[in-house]
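# Structural overview
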Amino acid sequence: DPSKSKYHPIDDASWSRGQSVPYLALAITLKKIEETSSRLKNIEILSNFFRSVILLSPQDLRFSIYLCLNKLAPAYEGVELGIAETNLIKAIAQSTGRSDKDVKNQLSEKDLGEIAESSRTSQKTLFQPAPLTVASVFSKLKEIAGMTGKASLQKKISMIQSMLVACKYSEARFVVRSLAGKLRIGLAEQSLLQAIAQACYLTPPNQNQADDSIDWPPKKNMINAGSSLHPDEIKARAEKVAFKVKSCYCECPNYDILVDALLKDGVDGLEEYCRLTPGIPPRPMLAQPTKGVEDILHRFTDIKFTCEYKYDGERAQIHLLEDGRVEIYSRNQENNTLKFPDIVNRFKDCIGPEVTSCILDSEAVAWDREKEIILPFQVLSTRKRKDANEAEIKVQVIIYGFDLIYLNGDSLVKEPLVKRRELLKENFNVIPGQFEFAKSVDTDSMEHVQEFLEESIKGNCEGLMVKTLDVNASYELAKRSHKWLKLKKDYLTTGGDSLDLVVIGGFLGKGKRTGTYGAYLLACYDPDNEEFQTICKLGTGFSDEDLEKHTKTLEGHKIPKPKPYYQFHSNLTPDHWFDSAVVWEVKCADLSLSPVHKAAAGLEDPERGISLRFPRFIRIRDDKNPEDATSASQVAQMYKNQDVVKNNVGGAKDFE
Ligand code: ATP
């Protein structure tokens, strides 16, 4: 039982050494996690399961990890599951002898996974199909994800059907949710990494492989490493391991490589295998918002900094691989190479003769070739997403290079920006209108920063990025870092940054809006508790077209009841709940304490949360995952930054 705190990874496992991990063992683990709300307890449950996998069936560790994440490969490989609901309904109906309609009718009470599970129990089969294993489910899911074209549909459905027939107990629930691409057990990737680290600390993987040359059963210290130590010491050591696993994964976000390295040389060998590598896109560094020029000088007192234009386009991480290939990745590690064949083709002319491999951080911005001016983001967003044919490209782009994080075999992330920028300028050539360096000034004069900000806005930019230059100026992968500050023009007019929020509910429209949703329930994300906390009800800023489009998109994300990790007030229950999937950018007049909303509850007020006043819809952020939404602590910070709150003039009032 993986939920036991004194877990024995051999005696408490439901399978034996050398066997493939039964899928049922994973399904039971996922069910326990779903039923448990404590994050630490969930990490323990998952880590116990991984410990058994490490000891008994190490070859299945990577499949187990991918299945827990509802992924089949790293994001940049673009292998995705997301079988349409109607097809899953068909497969469930066919495998259980029910009608499609009958299955569909149940959707108002249960999600499809639960329907599949409860349908199973009443079903008797003539012969017993082979039990599912973690490896067999992974490979079937991968096969299904790889099938394309209309003709493959029936084949997909019959594969799903045969999987469902083999499901026992809660297996069908998780198979169906995985197929729909909606596993969402409420355990974020950081917690999963923590669970892997904890497992590897207690059960060192490189010493326990199912290899006959190794003593079996393993000695006690391999089953429970360091258990003779004081609990605080165990905790401290486990934390160190977790730090290492997480930072290695940051540099090299690929579980195949991570797991291979762990099984081969254990945690000690990780740094050697998991390095920054062209072709494996790391999560980029992000910036903190600021209130204005003065705020910057306040935060960077006595520290040298530089101001760069903040271009309003799309982040492009451009990799030159050793074999000469050029790959382009988005802010979210999606492979955008096929979207930008023009950049790929011109990139070779941008690099100097000495460059054999590199990772360049840059912004791709829409560009008017005739007028030689930057065009707004909205123009760029009309560009085709995939398989663009260079001759047919209508929206031209210019690349503004602003950082270099890898060059000729070496990672540069630990180097200060001043050095990285020097290497960038030394090794890359400007091609006017096609490839340029981000415009910058190094100054500590307030007037100069202000002038540069105004100039950037005139040049169709969003404002400035202000970055530490030599002290405390490394590149922090995957972090929203205090070393980078963003100063947007909007801050000057509306007093604050926009928020990126997750749509978790819909209120049916009335009058003119009948047939669509008239308003939505939005939430921020709290990574500490792994919760989505409501922050506002949003009904303005939409065009009629938007309303129709959103209603259609969200139809596919409807769930019968709120997720256990949604924090909301019962007085504000929407007509329909949605899975946390869609992210919108929203602006507001200001933020206030609220008795109803749950955002950042406990941070600024012991009980009340924070809500947005006069929120309005700006645009869809499909380059963001729900976990990339504005966080609870960012909301609290924004609330605190407001002048009304700062000066305590009356305080902000509740507004619902
Ligand atoms: P938003 O784009 O709404 O500001 P975000 O969370 O995507 O939010 P931020 O960290 O807030 O990203 O802002 C940094 C983004 O600005 C980068 O992801 C990049 O795409 C863009 N950018 C434009 N110019 C620069 C620059 N000179 N340096 C760094 N990033 C830049």
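Now for a look at the structure at hand.

What counts, and where the lines are drawn
- Residues numbered from 1 in each chain as written.
- Predicted model: local features only at pLDDT ≥ 70, side-chain atom pairs only at ≥ 80, totals over all residues.
- Heavy atoms only, no water.
- Pairing = 2+ DSSP bridges.
- Helix = DSSP H or I, 4+ residues; strand = E, 2+ residues; numbered from the N terminus.
- Buried < 20%, exposed > 50% of the residue type's maximum accessible area, 1.4 Å probe, protein only.
- Axes fitted to C-alpha atoms, helices over the stretch in contact; angles between N-to-C directions.
- Parallel < 35°, antiparallel > 145°, perpendicular 65-115°, else oblique.
- Contact = heavy atoms within 4.5 Å.
- Nonpolar A, V, L, I, M, F, W, Y, C, P; charged D, E, K, R; others polar.
- Phe/Tyr/Trp six-rings, centres within 6.5 Å; stacked < 30°, edge-to-face > 60°.
- Left-handed = near helix turned anticlockwise from the far one by under 90°.
- Near = heavy atom within 4 Å.
- Polar contact = N/O pair within 3.5 Å; in protein donor to acceptor, adjacent residues only side chain to side chain.
- Core = buried A, V, L, I, M, F, W, Y, C linked by side-chain atoms within 4.5 Å.
- Expected span 1.5 Å × (residues − 1).
- Arc of directions from axis to C-beta.
- Salt bridge = Lys/Arg side-chain N within 4 Å of Asp/Glu carboxyl O.

## Re the sheet that holds strand β10 (residues 440–441)
Spatially, β1-β12-β11-β2-β10 is the arrangement adopted by the five strands of the open sheet, whose pairing is mixed. The open sheet terminates on both sides in strands that have one partner only, identified here as β1 (286–289) and β10. As paired strands, strand β11 (residues 463–468) and strand β12 (residues 480–488) are joined by five bridges and run antiparallel to one another. Across the sheet, Met465 pairs through a bridge with Lys486, a residue of β12.

## A closer look at unusual backbone geometry
Phi at Asn70 is positive, roughly 60 degrees, even though this residue is not glycine. Within the secondary structure, Asn70 is located in the loop between α3 (61–69) and α4 (85–96). Phi at Ala478 is positive, roughly 60 degrees, even though this residue is not glycine. Tracing the backbone through its elements, the reader meets Ala478 in the loop between β11 and β12. Overall, Ala478 belongs to the partly exposed group, its relative accessible area being 23%.

## Here we look at the packing of helix α1 (residues 23–35) against helix α2 (residues 39–56)
The geometry of α1 relative to α2 is characterised by a closest axis approach of 9 Å and an angle of 170 degrees between their N-to-C directions. It follows that α1 is roughly antiparallel to α2 by the angle criterion. Packed against α1, whose contacting residues are Ala25, Leu26, Thr29, Lys32 and Ile33, the element α2 presents Asn42, Ile45, Leu46 and Phe49 at the interface. Of the residues that constitute the contact of α1 with α2, the class distribution is six nonpolar, two polar and one charged.

## Observations concerning the packing of aromatic side chains
Going through the model one piece at a time under the given rule, you end up with 29 aromatic pairs. A centroid spacing of 5.6 Å and a plane angle of 40 degrees characterise the contact between Phe300 and Phe305, whose relative ring orientation is tilted. The pair Phe300 / Phe305 is uniform in exposure class, with both members buried. Ring centres of Tyr525 and Phe532 lie 4.9 Å apart, and the angle between their planes is 45 degrees; this geometry places the pair in the tilted category.

## Looking at the packing of α3 against helix α10 (residues 189–202)
As a packed pair, α3 and α10 sit with axes 11 Å apart at the nearest point and diverge in direction by 155 degrees. As judged from the angle between their axes, α3 and α10 are roughly antiparallel. In this structure, α3 meets α10 at a crossing whose hand is right-handed. Contact residues: α3 offers Ile65, Cys68 and Leu69, while α10 offers Glu189, Leu192 and Ile196. Here the contact of α3 with α10 is composed, by residue class, of five nonpolar, no polar and one charged.

## Here we look at the site of the ligand
As a matter of local geometry, the ligand sits amid 18 residues, with Ala287, Arg331, Glu363, Lys467 and Lys486 nearest to it. Tyr311 is positioned with one of its backbone polar atoms (N or O) 3.0 Å from a nitrogen atom of the ligand. Contact between the ligand and Glu363: an oxygen atom at 2.4 Å from a side-chain N or O atom of the residue. Mapped by element, the contributors of at least two residues to the shell around the ligand are β1, β2 (305–310), β11 and β12. Considering every element that reaches the shell around the ligand, the biggest residue donor is β12, with four residues. By residue class, the composition of the shell around the ligand is seven nonpolar, no polar and eleven charged.

## Some remarks on the side chain of Arg383
By the secondary structure assignment, Arg383 is in the loop between α17 (377–380) and β7 (397–407). Here Arg383 falls in the buried class, since its relative accessible area comes to 7%. Polar contacts involving the side chain of Arg383 include one to the side chain of Asp342, which spans 2.8 Å. The contact partners of Arg383, leaving out residues within four places of it in the chain, are Lys339, Phe340, Pro341, Asp342, Ile393, Val395 and Val397.

## Some thoughts on the nonpolar core
Ranked by internal contacts, the top residues of the largest apolar core, which has 93 residues, are Tyr23, Phe50 and Tyr255. The contact partners of Tyr255, leaving out residues within four places of it in the chain, are Ile65, Tyr66, Leu69, Glu189, Leu192, Leu193, Ile196 and Tyr249. If you look at the next biggest cluster of nonpolar residues, it comprises 34 residues, including Cys307, Ile359, Ile398 and Leu487.

## Some words on helix α19 (residues 446–458)
Owing to its 3.6 residues per turn, the α-helix aligns residues three or four sequence positions apart on the same side. Between its first and last C-alpha, α19 extends 19 Å over 13 residues, near the 18 Å set by a 1.5 Å rise per residue. Residues of α19 that are buried include every one of Val449, Phe452, Leu453 and Ser456, and no others. Projection of α19 onto a plane perpendicular to its axis shows the buried side chains occupying an angular sector of 105 degrees, all on one side. Turned more than 90 degrees from where α19 packs its buried face, Glu447 and Lys458 sit exposed. Count one or two residues on from α19 and you reach Asn460, which has phi positive near 65 degrees.

## Details of the pattern of salt bridges
Pairing between side chains becomes possible if they bear opposite charge and their charged atoms approach one another. All told, the structure shown has 39 salt bridges when counted by the stated rule. Its salt-bridge partner being Lys4, residue Asp12 comes within 3.3 Å of it at the nearest N-O pair. Here Asp256 ties to Arg62 by a salt bridge, and the two come within 2.5 Å at their closest N and O atoms. Remark: Arg62 occurs in helix α3 and Asp256 occurs in helix α13 (residues 255–265); sequence separation between them is 194 residues. Classification of Arg62 as partly exposed rests on a relative accessible area of 27%. Put simply, Asp500, Glu585, Arg619, Arg621, Asp623 and Lys624 are held in one network by salt bridges that share partners.

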